[in-house]
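Per-entry structural report
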Amino acid sequence: MIPFNKPYLTGEETKYITDAVASGKISGNGKYTQKCQQFFEDRFGIKKALLTTSCTDALEMAAILINIKEGDEVIVPSYTFVSTANAFVLRGAKIVFADSRKDHPNIDETKLESLITSKTKAIVPVHYAGIACEMDTIMDLAKKYNLFVIEDAAQAIDSYYVGKDGVKKALGSIGHLAAFSFHETKNIISGEGGLLAVNDEQFIKRAEIIWEKGTNRSSFFRGEVDKYGWVDIGSSFLPSEVIAAFLWAQLENLDKIQSVRKQHWEKYQNNLKTFAIDHNVALPVIPDYATNNAHMFYLVCQNIEQRTALIEKLRKQNIHPVFHYISLHSSPFYEGKHDGRNLSETDRFTDCLVRLPLFYELNVDTVLNQMLY
Ligand SMILES: *Cc1c(COP(=O)(O)O)cnc(C)c1O
């Protein structure tokens, strides 16, 4: 049986966890937390990285940082995970759902301007499958209307956007704030885990306070103040050193993990061309301005019946493909609150997209042999 996902362990995780436990400092913000944060800052050009217990938490921190309050509007794609919207709903925001592009589940940047009102506070682009949204357009709109951009980079580690100026920027380093995930289904994992990327310096100091339960403990540990106390709202967003130690074992192997995943992805793409034509399904599209981090390999069927039939056929061959998001604008929670706009591309991806197994230890040939013969 070929599962959809299988978490990959580098073998060093328990060694670093043992070291963290033996150090006697197992709460948050110790040696391993700092190693992981430094890695993101150095490698991806993030101004300040803060580890969190999930990407959901990082998004909630972002909503607090930009002072979302009752009545503010936040533009979010409808084709995404619930946390992208929930983090802002928790602070009273009204979510204005945006449609996907025709060629990709990512937010359609050409339709964003018409959604902006005097109440709009932020745009939250989601880099679906680790493929960049068209960030120049999104950042220009944010500048023009004085909005914040919070990248949901949950799936986007080690992926890049090449802007009109030709500069290649890591996803998660472009928006004012960004959130990554290390959930076991992502490329780099710690079971549950996440990271807040702060790229706009005005947010760095307050981000550390919110992260430390509303106290200025981080400044205290750096010797900047003689005592620490309650200075703002906040919560317990730091993971323990046990989680950070696990994550460090993964980050040290990022290049190895990425190169294997990319080989798998390219093998799928190169060998499914005829299959795609014969079965009338579309292969993934990667726009010129985006790189591929091999987070996901998916097919887009013509309709839901065709997708159901394809999933059933592959399951009989012991391969476990899975579909993905159900449009948030038609979810039981939001349906009554949505403004009624028809988001047809989002609905098409809801019905037609199917993801194939993709994980480090996958033997792609086994899947291909089953699919092709
Ligand atoms: C996985 C994922 C999340 C949530 O990440 P957690 O770390 O599980 O909180 C949010 N947004 C997107 C797009 C995701 O893929």
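Residues numbered from 1 in each chain as written. Predicted model: local features only at pLDDT ≥ 70, side-chain atom pairs only at ≥ 80, totals over all residues. Heavy atoms only, no water.

- Named according to an unreviewed UniProt entry, the protein chain is dTDP-4-amino-4,6-dideoxygalactose transaminase originating from Flavobacterium silvisoli.
- Quoted straight from UniProt, the Sequence similarities (unreviewed entry) entry for the protein chain says "Belongs to the DegT/DnrJ/EryC1 family." (UniProt positions renumbered as here; feature names shortened; annotations may be inferred.)

A word on the layout of surface pockets
- By volume, the largest pocket is sized at about 520 Å³.
- Considering the residues around the largest pocket, the lining is formed by 29 residues, among which Gln 155, His 183, Thr 185, Lys 186 and Tyr 325 are closest to the centre.
- It is helix H3 (residues 55-65) that contributes the most residues to the lining of the largest pocket, three residues altogether.
- Taken together, the residues that form the lining of the largest pocket break down as eleven nonpolar, 13 polar and five charged.
- Both domain 1 (13-252) and domain 2 (254-372) contribute no fewer than three residues apiece to the lining of the largest pocket. (1 Å grid on protein atoms, 1.4 Å probe; cavity = no way out; pocket = protein on both sides within 12 Å on 5 of 7 lines; lining within 4 Å. Points joined across faces, edges and corners; volume = space filled by probe spheres on them. Helix = DSSP H or I, 4+ residues; strand = E, 2+ residues; numbered from the N terminus. Nonpolar A, V, L, I, M, F, W, Y, C, P; charged D, E, K, R; others polar. Domains from an automatic or database assignment.)

Quick look at the state of the cysteines
- What the rule picks out here adds up to zero disulfides.
- Considering cysteine sulfurs only, Cys 55 is the nearest to Cys 36, which forms no disulfide, with 16 Å between them.
- With no disulfide of its own, Cys 352 has Cys 301 as its nearest cysteine by sulfur position, at a separation of 6.6 Å.
- For Cys 352, a relative accessible area of 3% corresponds to the buried category. (Disulfide = S-S within 2.5 Å. Buried < 20%, exposed > 50% of the residue type's maximum accessible area, 1.4 Å probe, protein only.)

Topic: the UniProt feature "modified residue: N6-(pyridoxal phosphate)lysine" (unreviewed entry) in the protein chain
- In the numbering used here, UniProt assigns the "modified residue: N6-(pyridoxal phosphate)lysine" (unreviewed entry) feature to Lys 186.
- The exposure class of Lys 186 is buried, given its relative accessible area of 18%.
- Apart from residues lying up to four places away in sequence, Lys 186 is in contact with Ala 154, Gln 155, Ser 181, Arg 261 and His 295. (Contact = heavy atoms within 4.5 Å.)

Here we look at the site of the ligand
- Every one of the 15 residues lining the ligand counts as a neighbour, but Thr 56, Asp 152, Gln 155, Ser 181 and Lys 186 are closest to it.
- In this structure, a nitrogen atom belonging to the ligand sits 2.8 Å away from a side-chain N or O atom of Asp 152.
- Contacts to the ligand include Tyr 325, whose side-chain N or O atom sits 3.4 Å from an oxygen atom.
- In the complex, the protein chains occlude 93% of the 380 Å² of accessible area that the ligand would expose alone. (Near = heavy atom within 4 Å. Polar contact = N/O pair within 3.5 Å; in protein donor to acceptor, adjacent residues only side chain to side chain. Areas by Shrake-Rupley, 256 points an atom, 1.4 Å probe, with all protein chains shown as cover.)

Topic: the UniProt feature "active site" (unreviewed entry) in the protein chain
- The sites that UniProt annotates as "active site" (unreviewed entry) are Lys 186.
- Within the element layout of this structure, Lys 186 appears in the loop between strand E8 (177-181) and strand E9 (194-198).

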